[in-house]
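If you want the building blocks of each chain, they are given just below.
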Amino acid sequence: MLSLQVHFSLLIFKYKMGVYQDYSITTILLVIPIVIFLFNAKRGPGVLRTKEGHATHFPPYLPISYIHILRTLSAGQLPQSMLKWARLYSCNIYSLKMSFKGARFIVVGDAIIMRKVLTHESISKPWVYKPTTTVHNGGTNFFVENGERWYHARKSIMHAFSSHHIRRMRNVTLEKVEKFMKKLDTNLSKSFDVGKEMINLTLEVICDAAFEYKMSESEQEKFLTELEIVLKENRNSHIPLRLRLGRFIPSVRRARLGSRRLYALGEKILATYRTIENPIKDTVMDRIVNNPNYSDDKERINDMLVLLLAGHDTTAYSLAWILKELAKHRQEQAKLRSELLNTSVEERYNLKALQNVIKEGLRLNPVAALGGIRTSSKDIILEATDKHPHTMIPKGSMIFFSLMSVLHNPLYFENPDDFIPSRWENPCDDAVTAYLPFLTGPRNCVGQSLAYAEIRTVLSNLCSNYEFKIEDEGTNTFFLTYKPRNCLLVATRITSTP
């Protein structure tokens, strides 16, 4: 389960900026005034002088048009485009020509700046996350909130990811991956969509490990279908009068039904848990149910659903990316398999070669490619370095953290676009500093320990028992998460040891 901050980044971006897949005349007419407004938004001065006489720069505007940004968003290529812009203009912190209610839009692609901003005392989640509440039929959740509502929920949930519970979750993951391996064995001659299969696997894991709920195949299908419908409609929810006239718009009515169905599933999960005679103590579900700071079960279910969403797809696509890279780089796959087969089953989980492959996979293809969005209640001053001048991020700015840019930055990684697990044998200090797949600071990924446990357990079992080849690489896209789409792999059982 990777960063909770990432799951709605693109959704929110489109929610506020008018990104459509339907380029009808109506859509074009709606976009034109937005474009005019954004192009005429007040930019502010480029340089200020402090009382001490220091020249303080704002992050510079890149000559990237709003229309071009719009196109990259629609194509699902924004993370890759941000990386290209950073390289083209040799700029790791910059502004884009757009505005959120007058706020400056700033992209951070430098690890040191990212660490400083994410841990700054004035940083908080901005109001643009509010549309995420549609996944649980309204209300609020700890993901979108600041202050006490966020603090009490996160503090309580963190106990569920202690080392004791991670061991239990590993056992659950092993049970699920063995079930998946039986499925592979019955279809060895057939290709499979690695993204879809990993989604189903991790959804099963989190339901059982975190919520003590056995989700049936039909419930999995229903959850994923309704979730897609709700999120798709969210992209259009800013169209004037769309919500008010929603009862007359079929897609809005269908999305509202989907939201109610997702919430009903959450109610069922909670009700089922309360029938368990001796539930496991201090699981995620136990911490939520027995947290007295929740005002009612509505808040509990809201947090359950956002954790369920955040906890399955990022881990799933991380696994899918790593398996894809290993299938593309057969020598690296063979090297890892040799190490696994020459190590006892009990020790494979902690194998250095396995950890290196995982770290490199998360670096090369970060599912949280756009990190998250933050805003600041104060100006943030960045002292001058050899990489950037004395810079100020103005208060109220919308700050996007481009993990794709950081993890592909040649200042931190040699040959940054290549899959080289051995780079983690003896990594330099810069590489360690830049490795932020789960972000940092008080709002980092609460479930990262479970994510690592799942990924290690799944990969150690799959790669020691199968050889993977690519039948079709498919395409890469970004919506909520950076993912391989329609990537088909073929698995072959390993019949002999080295």
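Below, the structure is looked at part by part.

Calculation notes
- Residues numbered from 1 in each chain as written.
- Predicted model: local features only at pLDDT ≥ 70, side-chain atom pairs only at ≥ 80, totals over all residues.
- Heavy atoms only, no water.
- Core = buried A, V, L, I, M, F, W, Y, C linked by side-chain atoms within 4.5 Å.
- Buried < 20%, exposed > 50% of the residue type's maximum accessible area, 1.4 Å probe, protein only.
- Helix = DSSP H or I, 4+ residues; strand = E, 2+ residues; numbered from the N terminus.
- Contact = heavy atoms within 4.5 Å.
- Salt bridge = Lys/Arg side-chain N within 4 Å of Asp/Glu carboxyl O.
- Pairing = 2+ DSSP bridges.
- Axes fitted to C-alpha atoms, helices over the stretch in contact; angles between N-to-C directions.
- Parallel < 35°, antiparallel > 145°, perpendicular 65-115°, else oblique.
- Left-handed = near helix turned anticlockwise from the far one by under 90°.
- Nonpolar A, V, L, I, M, F, W, Y, C, P; charged D, E, K, R; others polar.

1. Thoughts on the nonpolar core
Part 1 of the reasoning: Counting 139 residues, the largest nonpolar core has Leu 96, Phe 211 and Leu 462 as its most contacted members.
Part 2 of the reasoning: Element by element, the count of residues in this core is highest for helix H12 (residues 297-328), at 16 residues.
Part 3 of the reasoning: Ignoring any residue separated from it by four or fewer positions in sequence, one finds Leu 462 in contact with Val 177, Phe 180, Met 181, Leu 184, Leu 323 and Phe 468.

2. Brief notes about the pattern of salt bridges
Part 1 of the reasoning: Here the structure, examined in full by the defined rule, presents 20 salt bridges.
Part 2 of the reasoning: The shortest N-O distance in the salt bridge between Lys 378 and Glu 121 comes to 3.1 Å. In this pair, Lys 378 sits in the loop between strand S7 (373-376) and strand S8 (380-382) while Glu 121 sits in the loop between helix H5 (111-118) and strand S5 (123-124), placing the two residues 257 residues apart along the sequence.
Part 3 of the reasoning: Judged by its relative accessible area of 66%, Glu 121 is exposed.
Part 4 of the reasoning: Here Asp 303 makes a salt bridge to Arg 149, at a shortest N to O gap of 3.0 Å. Placement of Asp 303 in helix H12 and of Arg 149 in helix H6 (residues 147-158) is noted, with a sequence separation of 154 residues between them.
Part 5 of the reasoning: What makes Arg 149 buried here is its relative accessible area of 11%.

3. Some words on the sheet that holds strand S6 (residues 192-193)
Part 1 of the reasoning: Strand order in the open sheet formed by three strands is S6-S14-S11, with antiparallel pairing between adjacent strands. The sheet terminates laterally at S6 and strand S11 (466-472), the two strands that pair on one side only.
Part 2 of the reasoning: Both S6 and strand S14 (residues 488-493) contribute to a ladder of two bridges, which runs antiparallel. What sits directly across from Phe 192, in S14, is Leu 489.

4. Let's talk about the packing of helix H9 (residues 217-234) against helix H10 (residues 250-273)
Helices that pack against each other are described as a pair by the angle of their axes relative to one another and the distance between those axes.
Part 1 of the reasoning: At a minimum axis distance of 8 Å, the contact between H9 and H10 shows a crossing angle of 140°. As judged from the angle between their axes, H9 and H10 are oblique. Relative to H10, H9 is oriented so that their crossing is left-handed. Every residue of H10 that contacts H9 at Glu 219, Lys 222, Phe 223, Glu 226, Leu 227, Ile 229, Val 230 and Glu 233 is listed here: Ser 251, Val 252, Arg 254, Ala 255, Gly 258, Ser 259, Arg 261, Leu 262, Leu 265 and Lys 268.
Part 2 of the reasoning: When grouped by side-chain class, the residues that make up the contact of H9 with H10 number eight nonpolar, three polar and seven charged.

5. Examining the packing of helix H7 (residues 163-185) against helix H8 (residues 194-211)
Part 1 of the reasoning: Axis separation between H7 and H8 bottoms out at 9 Å; the angle between their running directions is 145°. Where H7 crosses over H8, the handedness of that crossing is right-handed. Across the interface between the two elements, Arg 168, Met 169, Val 172, Thr 173, Lys 176, Val 177, Lys 179, Phe 180 and Lys 183 of H7 pack against Glu 197, Met 198, Leu 201, Glu 204, Val 205, Asp 208 and Ala 209 of H8.
Part 2 of the reasoning: Residue classes in the contact of H7 with H8 are distributed as eight nonpolar, one polar and seven charged.

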